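Take a look at the letters that make up each chain.
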Amino acid sequence: MTRALHITLAASTLAVLGALPTRAIAQDEVARRETMAPALLAFTDTSSVRIELRLTNAAALRGATARGRITSDADSSTLWAGTLGTITVGPDGAARLSARVATLHPRRWSPQSPALYHLVVDAEGDATPLHERVRIGFRSVSSREGQILLNGRPVFLRGNAINPPDRNLPDSLEENRRFVEDYIRYLRSVGVNIMRLTRESQIWLDVGDELGMMFFQGNYGTPEGGSSTKAPSRPFAESLRWYQDRVLGPLANHPSVVVYVLSNEQADREIPYLNKGAAEIDAFLHQAYDSLRSWDDSRLYLANAGYGFGRAGDVCDLHRYWGWYYNSFLSFYEMRDPHVCWRTGKVQPMTMTENTGNYTGVDGRYNLVPDTKQPDSQLNWTGHAPDDEQAARALRYQAWMAKQAIEIFRRSRERNPYLAGLSPFTILFHDWWGINRFADMKPKPIGAQYAVSFAPVLLSWELWTPQVYAGSTIRPVAHLVNDANDGASLERPIVSYVLTDSSGAERLRGSVSFPDVPYYGAKSAPLALRLPANLSAGNYRLVGTVRAGDRVIAHNDVALFVARPAYAGSVGSLSRRVALYDPTPRSGRALTRLGVRFTTVRDVATLSPSRDLLVIGADAWGPQLAARTAELRRFIASGGRMIVLHQDPEKFDGSWLPTPIHLQSQALDHAKIFPGGRPFRDGMAVNPELPDHPALAGIDRDRLFLWDDFTSWNESKPGFPQVYPVTRGFALTDPKTLDRALVIANYDHGLQGVALAELFDGAGSAILTGFDLVDRGGLDPVADRMLVNLVRYMGDATQHAATQLVTRKITWGDYASEHGLLTGIYSGLVINAVPEIPEGLRAKYPVRVTAEGWAIAGGPGGWNTKPAIQYVAHGRRPFGPYTFSSGGTVTPIERNAPGEGRLWLRIPADRTTMITTIENPADERASLEIVVDGVAQSVLVPAHETMRVETTVHPNQGAATPLAITFRGDRRVVLLETDFK
């Protein structure tokens, strides 16, 4: 055969090359095989194959008779052999052949039985022989009644979306067959049955064909010649040829590719669905889909991954990072309604080809890539937990969030049968660069979670009371989802359960019989479990297993915190009289249950500031109190104490408080992509900003994650369970008044939401809580304890302080060292995150410093395309005042104004000097102004230098009076340490 006929390498040849490192393959051959379709394309179903042959510069084959042969890859037996027809040659000199071979009886390709065949096409033409060979598989992929069918049987796609090649793997492993085999075998072992590659790779696709891994693959960008707001302007025939030759053609001979993707994003911008150019792009994608579908109907088409809402194509796909960039895990319940996705009259399968997020880095901590949504997302989920806890907490939440996304999605099929698959988009492995084999990558805990949540038969627990008293009754719901590999019905399954304590000892056991669960079905059964009254306080797990006959086919568990009846404690002897204002009995019942004695007041003017603690009951604010705000303000200023329980944001006016606040009204959970209304009124994973504060006595971070639902909600009901600790959170409206606000607990992105704060005026103070304490009275022990803590703290005789006393050096960026001084967005000081680039990658990724932070060549990265690079905290920068973009990126309100950060603190009376260590990573000198109690000191920091600046503290300052400190200047300047001597 002449070289002119070697348009591309056959798949079998690529399989051999796959055993070699990439460097051993000629670079022009690598480039060619990645960008051009093979000369021979075979489009199969379960009993036929349509053959398309196109060879350039092959006029010598004109009129030649083509013969074909299909043989088994397993044993070389012949499935079919015969004549295909006569080769034609067009005016362009290209030889063409179209043929179809039908009524075949092959073994079908499937993930469970990846049967493969070889198709060989031969011809003789004027002394120029033709011999083309490709490997194929017979299977059908279709959509019917909103389900994805493989070989006529529904299949649920259990995916993983962030995979090699690229993504900082060593060159020697990028397309090394042994590495690829081990990688794909691992994914299969943890239940993954479909994946997406960073780019098309014949070796990866070959191995997927062989091992039974499915792919969704294609153009993950805007169509060539277009943009995120504009369709290609060139003739449509050119775009069609580009898809056929460059995008989909190289995938066509692989039975493992079951979904073609026509577009998604480019330069970090997704194709819009509401913005400029949406209609034009939609029209283009409709035309592309219709044309390509007539060319290859052997796959499903996803026209606009994530944002097309199924307007074009076969699949309605969403990208939602609920529980990471925005919203929470509960938003996945929106998927019970197919119209969340559907925008046409078509009944379509619904998928999520990206979700979860939670990008943990090499060492397990969240990757704090600046100028992205990562740092503020980290604060939402692991808050200001000490640095030595961040990795463990981030990895645990990453796995937990994947569990919720996968299991809620799968078990919601009981109500929405059109849910067809999802693919977490998250970092599954610790190590990428510097490895020698797949085993060196080290899966994160999310890998083990995949194995449970992606199990073909899923047992999943629904439990909305994660914190209970010993002796109470919990009401979990056991869900069974049957996606068994063999497609068999699950007959008479039995779910056994065991309650174990932290040592593994069994404290309760039982079982429940399920009705038969058909293949692709989902069923549930409610349970009522009475906990032993003698359970000791601590953490427990409800562990379940599923048996079919004598086989255990699934397992899963759910966490439970159990408290003793005395956990809440008592208020003891108070120095103040508790006076409750509440037109309803709700708050009074909660206080009575906890043994708090109180008097009921109707007129706040009768209160004594020196004697009384006023408790404004939950949702008690109304016109009568609104008319008495002047008296309430005087009550506090004169030494009174006040507790304001959660209030209705539509009624409450917080402008009269010592530090004005605004109750938030936007709900945390909805079906949209951009949040709007931050901070949300609801919050979970609440950050104990002052973990040692008396209001949080006996309540650690784990106990502020989720609280008990008080509505008896389950998945058969609309809406969501009431499990957020915070239901009426608030925001501080004037950061300059933070010297009078002690934020005790906060939440939401950037910790912008305030859950609990004490506001000071004169000799008194008011504590406001967004926690829902009253409705959970007697149900959630942690809510009970917090209410007791608040009454005890505000009813004592000690002097309360509005600012923290700092006795140790502050290392900026070290959360524990910062003493709770920086309350989220309000301080204006943002983490300075720097990239840790492994040796060997530094030349590839030179670093530069901008006002937004450190950046590496190729744009932001490290959480996604560059997982070997981890950004870590290294000081803080004066960045504010700032807000968040619609997507969640920290954005200065005035980009051209100097950056600014402020804080208030107290120091021991004998400290007279503040020493601040400053770094300038920029290429030119930078200025910084340090203002202490109104006295300014200007500093010029030379380029690439670190310096110490001493500031005299006014001698009248001391432990009783706070220092007001402001850092103002170049946003590139980094504060490393502050100490007081």
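Keep in mind that what you see is a predicted model, and the values were worked out from it rather than measured.

Conventions used here
- Residues numbered from 1 in each chain as written.
- Predicted model: local features only at pLDDT ≥ 70, side-chain atom pairs only at ≥ 80, totals over all residues.
- Heavy atoms only, no water.
- Salt bridge = Lys/Arg side-chain N within 4 Å of Asp/Glu carboxyl O.
- Helix = DSSP H or I, 4+ residues; strand = E, 2+ residues; numbered from the N terminus.
- Buried < 20%, exposed > 50% of the residue type's maximum accessible area, 1.4 Å probe, protein only.
- Pairing = 2+ DSSP bridges.
- Axes fitted to C-alpha atoms, helices over the stretch in contact; angles between N-to-C directions.
- Contact = heavy atoms within 4.5 Å.
- Expected span 1.5 Å × (residues − 1).

## Quick look at the pattern of salt bridges
Step number 1: According to the stated counting rule, one finds 50 salt bridges in the structure shown.
Step number 2: R293 is paired through a salt bridge with D314; the nearest N and O atoms lie 3.5 Å apart. With R293 in helix α7 (residues 278–295) and D314 in the loop between β18 (300–302) and β19 (316–320), this residue pair connects regions lying 21 residues apart in the sequence.
Step number 3: Residue D314 is classed as buried on the basis of its relative accessible area, which comes to 12%.
Step number 4: In this structure, D612 engages R577 in a salt bridge whose closest nitrogen and oxygen atoms are separated by 2.8 Å. Within this pair, whereas D612 is found in strand β34 (residues 612–616), its partner R577 is found in strand β32 (residues 577–581), the two being separated by 35 residues in sequence.
Step number 5: D612 sits in the buried class, given a relative accessible area of 0%.
Step number 6: Ionic contacts of the salt-bridge type, sharing partners, join the residues R135, R177, E181, R185, D206 and E210 into one network.

## Re the pairing of strand β31 (residues 551–563)
Step number 1: Sheet analysis places strand β23 (residues 467–469) next to β31, joined by three bridges and oriented parallel. In the sheet register, Y469 faces β31, and the bridge partner there is A563.

## Some points on the sheet that holds strand β25 (residues 477–482)
Step number 1: The sheet built from three strands is open, its strands ordered β22-β25-β28 with antiparallel pairing. Edge positions in the sheet fall to β22 (457–462) and β28 (522–526), since each has one partner strand and no second. This sheet shows a mean twist of 20° between the axes of neighbouring strands, independent of strand direction.
Step number 2: In the packing of helix α9 (residues 387–411) onto the sheet, contacts are made with β22, β25 and β28, and the angle to β22 comes to roughly 105°.

## What about helix α4 (residues 177–189)?
Step number 1: Here α4 contains 13 residues, and its C-alpha end-to-end distance of 18 Å stays within 8% of the 18 Å for a straight helix at 1.5 Å per residue.
Step number 2: Every buried residue of α4 is accounted for by R177, F179, V180, E181, Y183, I184, Y186 and L187.
Step number 3: Phi turns positive, to about 95°, at G191, one or two residues after α4.

## Examining unusual backbone geometry
Step number 1: Residue P165 is reached from P164 by a cis peptide bond, and omega for that bond is 0°.
Step number 2: Looking at the secondary structure, you find P165 in the loop between β12 (157–160) and α3 (171–174).
Step number 3: Note the cis peptide between R678 and P679, where omega equals -10°.
Step number 4: Considering the arrangement of structural elements, one finds P679 in the loop between β36 (661–663) and β37 (730–732).
Step number 5: Residues other than glycine seldom take positive phi values, yet K442 does so here, at roughly 55°.
Step number 6: Within the secondary structure layout, K442 lies in the loop between β21 (419–425) and α10 (445–453).
Step number 7: Exposure remark for K442: the relative accessible area of 43% places this residue in the partly exposed category.
Step number 8: Of note in the backbone geometry, D748 takes a positive phi value of approximately 75° without being a glycine.
Step number 9: Topologically, D748 is positioned in the loop between β38 (741–747) and β39 (753–761).
Step number 10: Accessibility expressed as a relative area gives 3% for D748, which makes it buried.

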